[in-house]
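Residue-level structural notes
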Amino acid sequence: MPKKRSGGGLSPTQQAAKFLGVSVLSGAVLAGIALPAVGALGLAAKGSVESFDELPANLKTPPLSQRTTILDAKGGTLATVYSRDRTVVDLKDISPYMQKAIVAIEDARFYQHGAVDLKGILRALNRNAQTGGVAEGASTLTQQYVKNVFVEEAGDDPTKVAEATQQTLGRKIRELKYAIQVEEELGKKKILENYLNITFFGQQAYGVEAAAQRYFSKSAKDLKLQEAALLAGIVQSPSRYDPVNDEAEAVKRRNTVLQRMAEVGDISRAQADKAADKPLGLKVSKPKNGCITAVKGAGFFCDYVRAAFLSDPVFGKTKEARAKIWNQGGLTVRTTLDPQAQESVQQSVKDHVNQSDDVATAATIVEPGTGKILAMGQSRPYGFGKNETQINLSVDAAMGGGAGYQPGSTFKPIVAAAAIEGGMPPNKVYGSPYQMDYPTPVSTCEGGTWDEKGVPLENENESEVGPYDMKEATAKSVNTYYVEMISDIGICPVTEMAEKMGVERADGGKLAQAPSIALGTQEMSPLTMANGYATFASRGMYCTPIAIESITQRVGGKDKSLEVPKSTCSRAMSERTADTINTLLRGVVEDGTGQQAGLGGRPSAGKTGTTDERFAAWFVGYTPNMAGAVWVGDPAHKRKMQNITIGGVWHAKVFGGQVPGPIWRDMMSGALEGKEAPEFSLVDIPSSNTGDRDRGDGDGDRGGDGDNDNGNGDENGNNGNDNGGLFGGVVDGGTSTGADGGTSTGTDGGTTVPTPSFSIPEDFFQGQTNGNGSGGRD
């Protein structure tokens, strides 16, 4: 191996190699200078470098990634997200000290030379030859800018980044050619402006404005001499000269920049010495990025906005195209989130359920008739720590949620709507025995049938024996009544009505064609249920949920509006059908199981739901101008809500009207404060003369404490007067569907679920059935 001579010089072999490298580079550079403005081919192998006619036009105004700001409906900032933290500013908004400092240290002859500085190249070659290494670079500020453009376009793709920064002759020549074009078409001031906006200053700060905010918590236009010198010095090696982690090295580098500024005449020697004596004066603003920074507990809503953008073809034909726009940033996204409603949801959640509780709650409010999501919150905050999660418990799996939860009896109004829309009178009477087998066969869609014989179900207690009409059966949540109803009208009208109302499975699967759907056995999300009930509130008009009102994109120093998806509204049922359901459900919050959810003098309606074995409890309700859903349960579906403390309050058994109901009441009260209180359009439902049987219906496992928690029935429901008024309990047993849409029963009439052969994260599945039969109680 060749050695250096004893005098420290290079060996003959090294000198030959050095001479050869210098000659090749010099020739390439000089040839690059001589290239014509258009039509020239590359210097290397034919076709290795594009002609000038093929140069990317965006080198003139590269699409710089910037921060995106997400706003609420009133214009308040919810969160700032970015792929690269950058705010593009004009040159006039950058301190003159900063402009002079970056030129002095990176390219002192910037204003004297063209795209390539031949004098600088020769000086660098001479110095590097003397030192035997690379002591000085020869790239001009324009060449550095071109290189940064390619790095920026590479984004986070490590392969493309490597290609943009590889030390090859071909890349250097390509940079030279682009630099020539940029110099001719942009001019010095625009190149300097672009360079200061694109370059990386460390600490996640891209561009001088972000750097000024990060290190000094001020704008770039306000940078003082010593501050500008510090930032200019960082550019060469952001990690080595990081002032946050190595103050001594940063000070030395800053002073080098000050000395260089004095040498080129930008400042006096006295100014340089005075600035060098000053401390760094850092006032660091920590990087804040992503939905975890959202205020008002809106982290999950922020994530939903991102998911909505990435999934909607309005923003790009492919997922990759949409992701590129989102990552490029520079967006101002105005959302539908109402700050008053959001604050009310978060306060109510905090008041009733603790972050550390065994179970969690999720709540969502939407606006009937528009589909606007007004609020979204949950008791387990957005984060990565204990009792925190990144799973949005309010939404479907495809939008960042989990597998959902059985809605229980809150699904029954959808069955009633399908029946009434098909012509069934609202005083329809069924025998409704205490116990029965599912009737067979039951018609399904596309001419099929469900025909599983010998599948039993029963009401909550033996005292619940018909005949019942729809009003009383709905009030008491009589399971056998609703199963007789769906057996009569068929399953297809119910699944079709659910589809028209946007009520779908949280896992994205199809609703199973099984009669047990009447009892709310198929997992759904709070947003789905809130928006479905909004259809009742808007007198039968369903509107798809939306979270984005408008988007403005900053491009090339100008703002342009992007097209955003609009809510699509369609009639799901007649006004008469919706008015009938509203009449049936208004009684719940007046004197039924949902009394604790009542809003005082403001008209409201809703339905409670508690699933078998109390894995989930619900209240879904609405006024004519807001609809909301509250779910309480264990997202991992392991903790039954029996003998449990929630929000500091002990419960023997949890019911929909007892825990979710008050959460709904408080969140809706705050959200609606100061807003109009319109009336429902109610209908007269004639009595069927079946008699008003007050049998002391208990709402629990065959009795026990009812949903209003004001009676103590015994094991058979005797003497319990919780539900002796309007709304009683729903069965302990029943049926639920498996993946094949069939029905199976366990000891509690629950679903048989195959045991996974792989490990599932605790918080991944929400509300997955497991011996959870009827789904609904209340």
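Please read all numbers here as calculations on a predicted model, not as lab measurements. Residue indices begin from 1 for each chain and proceed along its sequence in written order. Totals for whole chains, interfaces and linings use all residues, but because this is a predicted model, local features are given only for residues with pLDDT of at least 70 and pairs of side-chain atoms are given and counted only at 80 or more. Side-chain figures throughout are based on the complete set of non-hydrogen atoms in the structure, without hydrogens or water.

Now for the overall build of the protein chain. Broken down by element type, the protein chain carries 21 helices and 22 strands. Sorting the 778 residues of the protein chain into buried and exposed places 55% on the buried side. Residue pairs in contact within the protein chain that sit at least 24 positions apart in sequence constitute 71% of those at least 6 positions apart. Here the open area of atoms and residues is found with the Shrake-Rupley method and a 1.4 Å probe, where only the protein chains shown may cover a residue. Looking at the protein chain as shown, the accessible area adds up to about 31500 Å², and 49% of this sits on carbon and sulfur atoms. Secondary structure elements are defined from DSSP: runs of H or I of at least 4 residues count as helices, runs of E of at least 2 residues count as strands, and each element is numbered from the N terminus. A simple rule labels every residue: compare its accessible area, found with a 1.4 Å probe on the protein chains alone, to the largest value its type can have, and call it buried under 20%, exposed over 50%, or partly exposed in between. The criterion used for residue contact is that any of the two residues' heavy atoms lie within 4.5 Å.

The criterion for a disulfide is a pair of cysteine sulfur atoms lying within 2.5 Å. Applying the stated criterion across every chain, the model contains 3 disulfides. Here C291 connects covalently by a disulfide to C302, the sulfurs 2.1 Å from one another. A torsion of -70° about the S-S bond marks the disulfide between C291 and C302 as left-handed. Linking C291 in the loop between α11 (269–276) and α12 (299–311) with C302 in helix α12, this pair joins segments that are 11 residues apart in sequence.

Looking now at helix α4 (residues 141–154). For α4, which comprises 14 residues, the first-to-last C-alpha distance of 20 Å matches the rise-based estimate of 20 Å (1.5 Å per residue) to within 8%. The element α4 is extensively covered by neighbouring structure, given that 11 of its 14 residues are classed as buried. Helix span, as expected, comes to 1.5 Å for every residue beyond the first.

Let us now look at the nonpolar core. F301, F411, Y481, M485, F536, I581 and Y622 are the most contacted members of the largest nonpolar core, which has 98 residues in total. For this core, the leading source of residues is α12, giving 9 residues. Ignoring anything within four residues of it in the chain, the contact list for F536 reads P413, I414, A417, M501, M573, A578, I581, N582, L585 and Y622. What makes a nonpolar core is a set of buried Ala, Val, Leu, Ile, Met, Phe, Trp, Tyr and Cys residues whose side-chain atoms join them at distances within 4.5 Å.

Before going further, it helps to spend a moment on the sheet that holds strand β5 (residues 373–378). Ordered by their spatial adjacency, 5 strands build an open sheet running β5-β4-β18-β17-β16, and the pairing between neighbours is antiparallel. Each having just a single partner strand, β5 and β16 (605–610) make up the two edges of the open sheet. The sheet shows a mean angle of 5° between the axes of neighbouring strands, taken without regard to direction. Strand direction decides the pairing type here: strand β4 (residues 360–366) and strand β18 (residues 626–633), joined by 7 bridges, are antiparallel. Note on β18: the bridge partner recorded for I365 is G628. For helices, the fitted axis covers only the stretch in contact; all axes are lines through C-alpha atoms, and the angles between them, taken along N-to-C directions, range from 0 to 180 degrees. Running at roughly 25° to β5, helix α14 (residues 339–352) makes contact with β4 and β5 of the sheet. The criterion for strand pairing is that DSSP finds at least two bridges linking the strands in question.

This part takes up the packing of helix α15 (residues 412–421) against helix α18 (residues 492–500). Axis separation between α15 and α18 bottoms out at 9 Å; the angle between their running directions is 110°. On the basis of the axis angle, α15 is roughly perpendicular to α18. Residue-level contacts link I414, V415, A417, A418 and E421 of α15 to P493, V494, M497 and A498 of α18. Here the contact of α15 with α18 is built from residues that sort into 8 nonpolar, no polar and 1 charged. Roughly parallel here means an angle under 35 degrees, roughly antiparallel means over 145, roughly perpendicular means 65 to 115, and every remaining angle is called oblique. Basically, the charged four are Asp, Glu, Lys and Arg, the nonpolar ten are Ala, Val, Leu, Ile, Met, Phe, Trp, Tyr, Cys and Pro, and anything else, Gly included, counts as polar.

The strands that make up a sheet are held in pairs by hydrogen bonds between backbone atoms, and each pair lies either parallel or antiparallel. Reading across the sheet, the 5 strands line up as β2-β1-β3-β13-β14 and stay open at both edges, with mixed pairing between neighbours. Every other strand in the sheet has two partners, leaving β2 (77–81) and β14 (558–562) as the edge strands with one partner each. The average angle at which neighbouring strand axes cross in this sheet is 20°, direction not considered. Pairing geometry for strand β13 (residues 548–555) and β14, over 5 bridges, is antiparallel. Along β14, the bridge assignment pairs V555 with K558.

Among the 7 residues of β4, 7 are classified as buried, and the element is accordingly described as predominantly covered. The alternating pattern of β4 places A360, A362, T364 and V366 and T361, A363 and I365 on opposite faces, both of which are buried. As paired elements, β4 and β5 share 5 bridges and run antiparallel to each other. Opposite I365, over in β5, you have A375 as the bridge partner. Between the antiparallel neighbours β4 and β5 lie 6 residues, among them G369 with a positive phi of about 85°.

Turning to unusual backbone geometry, a few remarks are in order. A cis amide bond links T440 with the next residue in sequence, P441, at an omega value of -15°. Tracing the sequence through the fold places P441 in the loop between β7 (435–437) and β8 (442–443). Omega for the bond connecting G466 with P467 falls within 30 degrees of zero, at 10°, which places this linkage in the cis form. Here P467 shows up in the loop between β10 (456–458) and β11 (468–469). Of note, the phi angle at E446 is positive, near 60°, even though the residue is not glycine. Residue position: E446 is located in the loop between β8 and β9 (449–450). Using a relative accessible area of 86% as the deciding quantity, one classes E446 as exposed. Of note in the backbone geometry, R614 takes a positive phi value of approximately 60° without being a glycine. Along the chain, R614 falls in the loop between β16 and β17 (616–623). A residue is classified by how much of its surface remains accessible, and R614, at 0% relative accessible area, is buried.

Of the residues making up α18, those classed as buried are C492, V494, T495, M497 and A498. Packed against the buried residues of α18 are α15, β8 and α17 (479–489). Trailing α18 by a residue or two, G502 shows a phi angle of about 75°, which is positive.

So, about the packing of helix α2 (residues 96–106) against helix α9 (residues 225–234). Interaxial distance between α2 and α9 falls to 8 Å at its minimum, and their mutual angle equals 40°. Taken together, the axes of α2 and α9 are oblique relative to one another. When you trace α2 past α9, the crossing you get is right-handed. Touching Y97, M98, A101, I102, I105 and E106 of α2 are L225, A228, A229, L231 and A232, all from α9. Note on convention: near helix rotated counterclockwise from far helix by under a right angle means a left-handed crossing. Clockwise means right-handed.

Below, the discussion takes up the confidence of the model for the protein chain. Confidence scores per residue from the predictor, reported as pLDDT, run from 0 to 100. In the predicted model, the protein chain carries a mean pLDDT of 80, and the fraction of residues at 70 or more is 75%. Here residues 1–53 is a poorly scored stretch, pLDDT under 50, and it has 60 contacts once near neighbours within four places are set aside; other chains count. Under a pLDDT of 50 for its full length, residues 694–775 has, in the predicted model, 296 contacts with residues more than four places off or in other chains.

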